[in-house]
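Chain by chain, the residues:
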Amino acid sequence: QVQLVESGGGLVQAGGSLRLSCAASGRTLSSYVMGWFRQAPGNEPEFVATISQNGGNTYYADSEKGRFTVSRDNAKNTVYLQMNSLNPEDTAVYYCAARNSVLPRRTKSEYDYWGQGTQVTVSS
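Residues numbered from 1 in each chain as written. Predicted model: local features only at pLDDT ≥ 70, side-chain atom pairs only at ≥ 80, totals over all residues. Heavy atoms only, no water.

## A closer look at the side chain of Thr 78
Next up, step 1: By the element assignment, Thr 78 lies in strand E8 (residues 78-83).
Next up, step 2: With a relative accessible area of 10%, Thr 78 lands in the buried category.
Next up, step 3: Apart from residues lying up to four places away in sequence, Thr 78 is in contact with Ser 21, Cys 22, Ala 23, Leu 29, Arg 72 and Asp 73. (Helix = DSSP H or I, 4+ residues; strand = E, 2+ residues; numbered from the N terminus. Buried < 20%, exposed > 50% of the residue type's maximum accessible area, 1.4 Å probe, protein only. Contact = heavy atoms within 4.5 Å.)

## Things to note about the pairing of strand E1 (residues 3-7)
Next up, step 1: Taking every second residue as pointing to the same face, the buried face of E1 carries Leu 4 and Glu 6, while none of Gln 3, Val 5 and Ser 7 on the other face is buried.
Next up, step 2: Direction of pairing for E1 relative to strand E3 (residues 18-25): antiparallel, over a ladder of five bridges. Within E3, the residue paired with Val 5 across the bridge is Ala 23. (Pairing = 2+ DSSP bridges.)

## Observations regarding the state of the cysteines
Next up, step 1: Taken as a whole and judged by the stated rule, the model has one disulfide.
Next up, step 2: Two residues, Cys 22 and Cys 96, share a disulfide whose sulfurs are 2.0 Å apart. One quick way to see it: the torsion about the S-S bond of Cys 22 and Cys 96 is about 55°, and its sign makes the bridge right-handed. Of this pair, Cys 22 sits in strand E3 while Cys 96 sits in strand E9 (residues 92-99), placing them 74 residues apart in sequence. Comparing Cys 22 with Cys 96, the two get one shared label, buried. (Disulfide = S-S within 2.5 Å.)

Structure follows, in structure tokens:
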């Protein structure tokens with residue numbers, strides 16, 4: 001079993017940037033496909049990005065393409081989400097998740113382990 005802890009959230013002005021980190025413990029991160037999801041108040045969780053086990057393949061939600069970049073450092077057991085050009089619609093709790101499979105997926109139910117989330121607030 002892997003434990004995930006997100007960090008790096010906070011308050012930022014529109015147009016600003018944040019980098020989220022997701023640190024894993026318990027098992028080596030290289031065993032997992034990793035994903036980022038977010039949930040705004042009153043909304044369902046939505047897919048943000050996913051990255052394959054070796055980082056060679058990444059996929060994004062359409063609204064994040066070109067603004068967000070997911071990456072991973074398996075030696076540090078950490079996954080990152082670089083978020084640029086943030087706007088108020090990006091305000092949400094951001095979660096990282098691990099999928100015990102070789103195939104990246106965009107569906108929340110296909111991930112096995114979750115962090116506790118980190119709040120991102122973008123002011124206008």
